[in-house]
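Remarks on the overall topology
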Amino acid sequence: MTLPIFLAVHLAWGAAMAHLFLPRMRAEGEVLGVPLLYTLAPVGMVTAPLGAVLLRYAGGWFVHGAVTGNGSIGYERFHLGLMVLGGVLTALVTVAGMFFAIAMLSRDKPRAARAPYYLAGFCALLTLVLDAVDVVIVPGSGGRWLFWHPAGLVSLAVVAVLVAAHRYGKRHIAPFDVQGLSRPPKSIVAMPADL
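Let me begin by describing the structure that accompanies this report. The shown structure was predicted, so the numbers you read here are calculated from the model rather than taken from an experiment. Here the residue numbers are simple positions, counted from 1 along each chain's written sequence. Under the rules for a predicted model, residues below a pLDDT of 70 receive no local features and side-chain atom pairs below 80 are neither given nor counted, while totals for whole chains, interfaces and linings still include all residues. Side-chain metrics in this entry use all non-hydrogen atoms of the structure; hydrogen atoms and water are not considered.

1. Here we look at the overall build of the protein chain
The cut-off we apply is this: Only DSSP runs of H or I covering at least 4 residues are called helices, and only runs of E covering at least 2 are called strands; the numbering of each starts at the N terminus. Throughout, exposure labels follow a simple rule: accessible area from a 1.4 Å probe, protein chains only, divided by the maximum for the residue type, with under 20% read as buried, over 50% as exposed, and the rest as partly exposed. Only heavy atoms matter for contacts: two residues are in contact if any of them lie within 4.5 Å across the pair.
For the protein chain, the helix and strand inventory stands at eight helices and zero strands. By the burial criterion, 37% of the 195 residues in the protein chain qualify as buried. Taking all contacts inside the protein chain whose residues are at least 6 apart in sequence as the whole, residues at least 24 apart take part in 74%.

Written out as structure tokens, the structure is:
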């Protein structure tokens, strides 16, 4: 997947995690705890580094020719900066999808909460319509199709990690006991009697 499709997948990932964790967030009254950490963990540990690999070793294909020809990157330090920028952008898009879906779901607007899915689909479709040949055939590889190029395996790994993380989160992290959360937890610090 190229950069626009990569970011679209992460936008949809953030929204999917918001839908998955909303009952837990409402019961616990927190967004910045386990839900956000679990949403960003696969992105920071696996998919953003895989995006950096795509940018480094198939950069002309990943950013649709922006780093080839006159826009070529001649120094390694600029590659590193672009890889870091890509990782930060991926995390920001993921958080934006999650927070937008949470905001709409908390206002009881489930149709509006699906907007990140629609936007992600539109961006991916627009990328395929405008540059279909360079999405499927990796430039600079002698006309190799994406499915016969290592970039295809890395793209497949990104999707597989996100799907596996969603299934694991659905099974092990999202379900919890809501019954005991009606009162705040007791403090573990002993309080003096005169207070």
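2. Quick word on the packing of aromatic side chains
The line we're drawing: Any pair of Phe, Tyr and Trp rings, taking the six-membered ring for Trp, is counted once the centres come within 6.5 Å. Such a pair is stacked with planes under 30 degrees apart, edge-to-face with planes over 60 apart, and tilted for the rest. Two conditions define a charge sitting above a ring: the NZ of Lys or the CZ of Arg must be within 6 Å of the ring centre, and it must be within 35 degrees of the ring normal.
Using the criterion set out here, one finds two aromatic pairs in the structure. Here the aromatic rings of Phe-6 and Phe-62 are separated by 5.8 Å at their centres, their planes lie at 70°, and the arrangement is edge-to-face. Placement of Phe-6 in helix H1 (residues 3-28) and of Phe-62 in helix H3 (residues 59-62) is noted, with a sequence separation of 56 residues between them. For the pair formed by Phe-6 and Phe-62, the shared burial category is buried. Residues Phe-21 and Tyr-38 carry aromatic rings whose centres are separated by 5.8 Å and whose planes lie at 85° to one another, so their mutual orientation is edge-to-face. Within this pair, whereas Phe-21 is found in helix H1, its partner Tyr-38 is found in helix H2 (residues 34-57), the two being separated by 17 residues in sequence. Like Phe-21, the residue Tyr-38 is buried in the burial classification. Over the aromatic face of Tyr-57 sits the side chain of Arg-56, whose NZ or CZ is 5.5 Å from the ring centroid.

3. What about H2?
Defined as follows: Here a helix's expected span is defined as the number of its residues, less one, multiplied by 1.5 Å. Here the bend at a residue means the angle between the axes of two seven-residue stretches, the one that ends at it and the one that starts at it.
Taking 1.5 Å of rise per residue, 24 residues should cover 34 Å, and H2 covers 34 Å from first to last C-alpha, within 8% of that figure. When the local axis directions of H2 are compared, the greatest deviation, roughly 45°, occurs at Gly-44.

4. Here we look at the nonpolar core
Threshold: Joining through side-chain atoms within 4.5 Å is the link that ties buried Ala, Val, Leu, Ile, Met, Phe, Trp, Tyr and Cys residues into a set, and such a set is a nonpolar core.
Core analysis: the largest hydrophobic core is formed by 40 residues, its most contacted members being Phe-21, Trp-61 and Phe-62. It is H1 that provides the largest number of residues to this core, a total of twelve residues. Beyond its immediate chain neighbours, meaning those up to four positions away, Phe-21 contacts Pro-35, Tyr-38, Thr-39, Ile-173 and Ala-174.

5. As for the side chain of Arg-24
Put simply, the rule is: Whenever a nitrogen or oxygen atom comes within 3.5 Å of another N or O atom, the pair is scored as a polar contact, on the condition that within protein one atom can donate a hydrogen and the other can accept it, and that pairs from neighbouring residues in sequence are kept only if both atoms are in side chains.
Tracing the backbone through its elements, the reader meets Arg-24 in helix H1. In this structure the side chain of Arg-24 is engaged in a polar contact, spanning 2.6 Å, whose partner is the backbone oxygen of Ile-173.

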